[in-house]
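Summary of structural features
Next come the chains, spelled out residue by residue.
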Amino acid sequence: MTSLDARRKKLIYRSAYTGTKETDLLLGAFARASIADLDEEGLDTYEALLEIPDPRLYKWITGQEEAPKEYETPILAMIRNFKLID
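In this text the structure is predicted, and so the values were computed from the model without any measurement. (Residues numbered from 1 in each chain as written. Predicted model: local features only at pLDDT ≥ 70, side-chain atom pairs only at ≥ 80, totals over all residues. Heavy atoms only, no water.)

This brings us to the overall build of the chain. Along its length, the chain carries 5 helices and 0 strands. Mapped in sequence order, the helices and strands of the chain form the string α-α-α-α-α. Against the compact-globule benchmark of 12 Å for 86 residues, the chain has a radius of gyration of 12 Å, which places it among compact chains. Principal axes of the C-alpha set define a box for the chain whose edges measure 40 × 25 × 25 Å. Buried positions account for 37% of the 86 residues belonging to the chain. Contacts in the chain between residues far apart in sequence, at least 24 positions, make up 56% of those at least 6 positions apart. Accessible surface computed for the chain: about 5600 Å², of which carbon and sulfur atoms make up 52%. (Helix = DSSP H or I, 4+ residues; strand = E, 2+ residues; numbered from the N terminus. Rg over C-alpha atoms; globule rule 2.2 N^0.38 Å. Buried < 20%, exposed > 50% of the residue type's maximum accessible area, 1.4 Å probe, protein only. Contact = heavy atoms within 4.5 Å. Areas by Shrake-Rupley, 256 points an atom, 1.4 Å probe, with all protein chains shown as cover.)

Moving on: the nonpolar core. Grouped together as the largest cluster of nonpolar side chains are 21 residues, with contacts concentrated most on Leu 27, Tyr 46, Leu 49, Leu 57, Ile 61 and Ile 79. Those elements giving two or more residues to this core turn out to be helix H2 (21-34), helix H3 (40-50), helix H4 (54-62) and helix H5 (74-81). (Core = buried A, V, L, I, M, F, W, Y, C linked by side-chain atoms within 4.5 Å.)

A few words now on the confidence of the model for the chain. Per-residue pLDDT for the chain has a mean of 94; in total, 98% of the residues score no lower than 70. Looking across the chain, the model is least confident in helix H1 (residues 3-16), with a mean pLDDT of 94, and most confident in H3, with 97. (pLDDT = per-residue confidence, 0-100.)

Further remarks concern the pattern of salt bridges. Evaluated as defined, the whole model comprises 7 salt bridges. Across the pair Asp 44 and Arg 7 runs a salt bridge, and its minimum N-O distance is 2.5 Å. With Asp 44 in helix H3 and Arg 7 in helix H1, this pair connects stretches of sequence that are 37 residues apart. We classify Asp 44 as partly exposed; its relative accessible area is 41%. The buried category is assigned to Arg 7, whose relative accessible area is 17%. When the shortest N-O distance is used, the salt bridge between Arg 80 and Glu 72 registers 2.8 Å. Three or more residues joined by partner-sharing salt bridges are found here, namely Arg 7, Arg 14, Asp 44, Glu 47 and Glu 51. (Salt bridge = Lys/Arg side-chain N within 4 Å of Asp/Glu carboxyl O.)

Another point: the packing of H3 against H5. Packed helices, taken two at a time, are described by their axes: the angle between them and the distance between them. Where H3 contacts H5, the two axes come as close as 9 Å, and the packing angle between them is 70°. Taken together, the axes of H3 and H5 are roughly perpendicular relative to one another. Here H3 and H5 pass one another in a crossing that is right-handed. Contact with H3, carried on its side by Gly 42, Thr 45, Tyr 46 and Leu 49, involves Ile 75, Leu 76 and Ile 79 of H5 and no other residues of that element. (Axes fitted to C-alpha atoms, helices over the stretch in contact; angles between N-to-C directions. Parallel < 35°, antiparallel > 145°, perpendicular 65-115°, else oblique. Left-handed = near helix turned anticlockwise from the far one by under 90°.)

This is the structure we're talking about:
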């Protein structure tokens, strides 16, 4: 297992156990489906999003609150466009 694979595995785990059930479900599913497609820069961006307190991040994802410019990234857009159920 490469260090990048190990990092992806840790991020998948962190995504599923953020602390808020809604965020756990959304980010856990997103990470399982999409984390393998992210390069190192994408992983850095995703990891920075995971540092945001759950309630705020959830509001950004669902459009209830506007994210600060520095967090308006292609990764945040990917999460917003991710569908739990098709």
